[in-house]
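For reference, the chains in residue letters:
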Amino acid sequence: MSSSRNKNILLSIYSDTRNVFTLADIAMLVDETTFNSLNNKLNYYVRKGQLFRPRKGIYTKPNYSPEELSCVLYTPSYLSLEYVLQKAGVIFQYDNRLTSVGYLNRTVEIENCTYSYRKVKSEILIDTQGITQTKNINIATPERAFLDLLYLDKEYYFDNLNILDKKIILNLLPLYRSKALAVRVKKILQNND
């Protein structure tokens, strides 16, 4: 492949709004069908320091966001649970992990950052209610994160529920299809009044 085509690959990556890519993402971006050849070219950019490869099959621009990486490591997934609730002020205990909901239970460490995934049923995972996408990051609203955490850990203690919108919680509750969760949520909300 010519030098100009190689430069076009790097230009295409740097022109894209994303900072984290799978090999398949880049193949579609540059219209390349030969994965081995593309992988070799990308590894050349990694050796030159123009791209990073934090994990096999995943490439990033130098100043990538760990939050964006968390959404690409295991797809589909979205940031939720303690990560979202801590940022919202619902829980006070500091936790430096990026916690996500996905299709598997897994914890990985990449460049001094811990990515933790908790498994939920696929029908819950693919329902986008209460999930926003900002700057290529899928993230739960605090209300969705609250329900995700209660769905996965029925004994979890929350420090400050006043931040949460009860109407949104009750609107999201049916997507979990769990009578036991509904009872727990309503009891917690009543006790917080």
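Above: the structure in question.
Everything quoted here is computed from the prediction, not taken from an experiment.

Peer 1: Looking at this structure, I do not really get unusual backbone geometry. What am I missing?
Peer 2: Comment: phi is negative for the bulk of residues other than glycine, and the bulk of peptide bonds are trans. Cis geometry marks the peptide bond from threonine 75 to proline 76; its omega dihedral reads 5 degrees. Turning to its location among the elements, proline 76 is positioned in the loop between α4 (66-73) and β4 (77-79). In this structure, aspartate 31 takes a positive phi of about 55 degrees despite not being glycine. Exposure remark for aspartate 31: the relative accessible area of 65% places this residue in the exposed category. The phi angle at asparagine 136 is positive, at roughly 65 degrees, despite the residue not being glycine. Tracing the backbone shows asparagine 136 in the loop between β8 (131-134) and β9 (137-140).

Peer 1: For this particular structure, what's the right way to read the layout of surface pockets?
Peer 2: Think of a ball as big as a water molecule: rolled over the atoms, this probe shows where empty space is left. Taken as a whole, the largest pocket spans an internal volume of roughly 290 Å³. Lining the largest pocket are 19 residues; nearest its centre among them are Cys71, Thr75, Ser77, Gln133 and Asn138. Those elements that provide at least two residues to the lining of the largest pocket are β1 (20-22), α4, β4 and β8. When residues in the lining of the largest pocket are grouped by element, the largest group, three residues, is from α4. Residues of the lining of the largest pocket, tallied by class, amount to eight nonpolar, seven polar and four charged. By volume, the second largest pocket is sized at about 210 Å³. In terms of lining, the second largest pocket is formed by Lys154, Glu155, Tyr156, Tyr157, Phe158, Asp159, Leu161, Arg184, Lys187, Ile188, Asn191 and Asn192. Broken down by class, the residue content of the lining of the second largest pocket amounts to five nonpolar, two polar and five charged.

Quick notes on the rules
Residues numbered from 1 in each chain as written. Predicted model: local features only at pLDDT ≥ 70, side-chain atom pairs only at ≥ 80, totals over all residues. Heavy atoms only, no water. Helix = DSSP H or I, 4+ residues; strand = E, 2+ residues; numbered from the N terminus. Buried < 20%, exposed > 50% of the residue type's maximum accessible area, 1.4 Å probe, protein only. 1 Å grid on protein atoms, 1.4 Å probe; cavity = no way out; pocket = protein on both sides within 12 Å on 5 of 7 lines; lining within 4 Å. Points joined across faces, edges and corners; volume = space filled by probe spheres on them. Nonpolar A, V, L, I, M, F, W, Y, C, P; charged D, E, K, R; others polar.

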